[in-house]
Amino acid sequence: MTSSSTGPSEIGPQPPENGERRKSLPLGPQLAAEARQAWTSYDPAARRTALAGPLSVQIQTVTGCNGRCVMCPMTEREDRPGAHTMDESLYVAILERLRGAGTVRILAPMLQCEPLLDPHLATRVRQARQILGPQVVIWVTTNGALLTPERAGDLASAGVDVMEVSLDAASQETYGAIRQRLDFSKIVANTEALLARPGRMQVALRFTRQQANAPEEARFVKEWSARGAIVVKMGVTNRCGSVSTFERLARSGAAPPERQALLAKDLLFRGCLLPFARMHVLYDGRALFCCEDWREECVVGDLGRQPLDEVWNGEAVNRLRGLIHSGGAGDFEPCRSCSRRPPMNPLAQTVPGTQSAEERR
Ligand code: SF4
Ligand code: SF4
């Protein structure tokens with residue numbers, strides 16, 4: 001892949017790779033407010049949303065993973081790491097359509113995969129920065145195995161705003177019980193080097209809360225916060241029924257005040273906000289209704305063949321939005337089988353007060 005196809009349509013200066021690193025992740029409250037706006041923008045009678053495009057987008061530039069984690073559907077399937085990559089012309093065409101919509105606030109060049117398996121990831125980031133402009137937050141979540149200092153430098157120079165490393169453990173023993181085929185000490189070293197490098201790229205450490213790491217949660221937060229990382233806590237989800245061990249892995253949920261806040265949100269909106277605000281694009285251009293749908297049961301369009309509006313605001317996606325809006329998410333897959341479907345499942349919710357990268361893989 002080359003970067004030539006962005007050509008004269010390139011816009012927006014690349015942000016300087018210097019300056020002070022912020023202490024909190026970008027766009028949290030703002031994006032939450034916009035997601036609520038996305039919900040209220042939906043007109044169930046007209047079966048359309050007033051939003052011209054998604055607020056956030058995940059694009060799968062490569063498939064597969066070099067890890068096998070106990071809470072991930074990847075562990076129960078045979079995907080070869082890097083078996084498919086997105087064609088560059090398709091990737092650029094999608095970005096240009098998104099620029100036309102003018103709505104995107106966050107771009108994650110990844111979906112249900114390990115993004116650093118894409119050898120051209122830095123070029124993809126650079127293209128996204130050039131096409132979507134300096135205001136868009138580019139967010140990468142990785143298992144960190146391939147995040148060498150050299151690769152981290154390339155990605156920072158290309159324009160990544162947030163690099164989130166999924167670690168989930170404070171000890172080798174716990175890490176080995178959760179994240180298989182990956183080397184804890186190497187990933188810790190990569191992450192420490194990431195934190196030591198100067199520049200504006202923010203570093204987040206993800207802690208996916210589950211039974212196995214419960215005794216290490218406080219230590220994890222303390223140790224990585226002291227090193228300057230932002231800790232992101234999430235719960236495990238069942239990936240719409242794709243994780244057969246979910247009930248055994250999951251922990252009981254948030255503490256009472258947090259739980260009340262989540263329940264209030266569910267009462268207010270009656271349904272999941274996610275498909276009203278986000279788009280998820282597979283390596284061949286097909287758009288998934290939801291990132292949690294690892295079985296690809298619900299494809300709502302194909303950006304390789306259809307214009308953005310036809311996918312984002314078409315009959316397929318709006319029929320399902322309408323069901324969610326009217327409280328009928330339990331009537332169809334993948335929502336019927338999803339552990340995140342309101343009424344809230346306390347086992348699966350992100351812990352409030354932390355910024356959710358929300359299942360960027
Ligand atoms: S959780 Fe992430 S690192 Fe682990 S197997 Fe799944 S995609 Fe790979
Ligand atoms: S309920 Fe689950 S599957 Fe349905 S849109 Fe929400 S997160 Fe996705």
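This structure is a prediction, so every number in the text was calculated from the model and none was measured.

### Here we look at the overall build of the chain
Okay, so step 1: If you tally the helices and strands in the chain, you get twelve helices and 13 strands.
Okay, so step 2: For the chain, the proportion of its 361 residues judged to be buried stands at 47%.
Okay, so step 3: Relative to all contacts within the chain whose residues are 6 or more apart in sequence, the contacts with residues 24 or more apart total 77%.

### Overview of the site of ligand 1
Okay, so step 1: By nearness alone, eleven residues border ligand 1, and C65, G67, C69, C72 and N143 come closest of all.
Okay, so step 2: Among the residues forming the shell around ligand 1, the class breakdown is four nonpolar, three polar and four charged.

### Thoughts on the site of ligand 2
Okay, so step 1: If you check the shell around ligand 2, you find C240, C272, L274, P275, C290, E292, A329, P334, C335, C338, R340 and R341 and nothing else.
Okay, so step 2: Grouping the amino acids of the shell around ligand 2 by side-chain chemistry returns nine nonpolar, no polar and three charged.

### Overview of the confidence of the model for the chain
Okay, so step 1: On average, the chain scores 85 in pLDDT, and the residues at 70 or more come to 82%.
Okay, so step 2: Within the model, pLDDT remains below 50 along residues 1-18, and this stretch shows 35 contacts once partners closer than five positions in the same chain are excluded.

### Examining the environment of V62
Okay, so step 1: Assignment of secondary structure puts V62 in the loop between strand 3 (56-59) and strand 4 (68-69).
Okay, so step 2: Note: C-alpha distance between V62 and H120 (58 residues apart in sequence) is 9.6 Å.
Okay, so step 3: Not counting residues up to four positions away in its chain, the partners in contact with V62 are G82, T85, C113, P115, L117, D118 and Y283.

### Comments concerning the sheet that holds strand 5 (residues 106-108)
Two strands in a sheet stick together by hydrogen bonds in their backbones, pointing the same way (parallel) or opposite ways (antiparallel).
Okay, so step 1: Taken in spatial order, the nine strands make up an open sheet running 10-9-7-6-5-3-11-12-13, and their pairing is mixed. The open sheet has two free edges, formed respectively by strand 10 (230-235) and strand 13 (299-302), since each of these has just one partner strand. Here the average twist between neighbouring strands, direction ignored, is 25°.
Okay, so step 2: As paired strands, strand 11 (residues 278-281) and strand 12 (residues 286-288) are joined by two bridges and run antiparallel to one another. Looking at strand 12, one finds that V281 is bridged to A287.

About the cut-offs
- Residues numbered from 1 in each chain as written.
- Chains lettered and ligands numbered in written order.
- Predicted model: local features only at pLDDT ≥ 70, side-chain atom pairs only at ≥ 80, totals over all residues.
- Helix = DSSP H or I, 4+ residues; strand = E, 2+ residues; numbered from the N terminus.
- Buried ≥ 20, exposed ≤ 12 C-beta atoms within 10 Å, placed from the backbone.
- Contact = placed C-beta atoms within 7 Å.
- Near = placed C-beta within 6 Å.
- Nonpolar A, V, L, I, M, F, W, Y, C, P; charged D, E, K, R; others polar.
- pLDDT = per-residue confidence, 0-100.
- Pairing = 2+ DSSP bridges.
- Axes fitted to C-alpha atoms, helices over the stretch in contact; angles between N-to-C directions.

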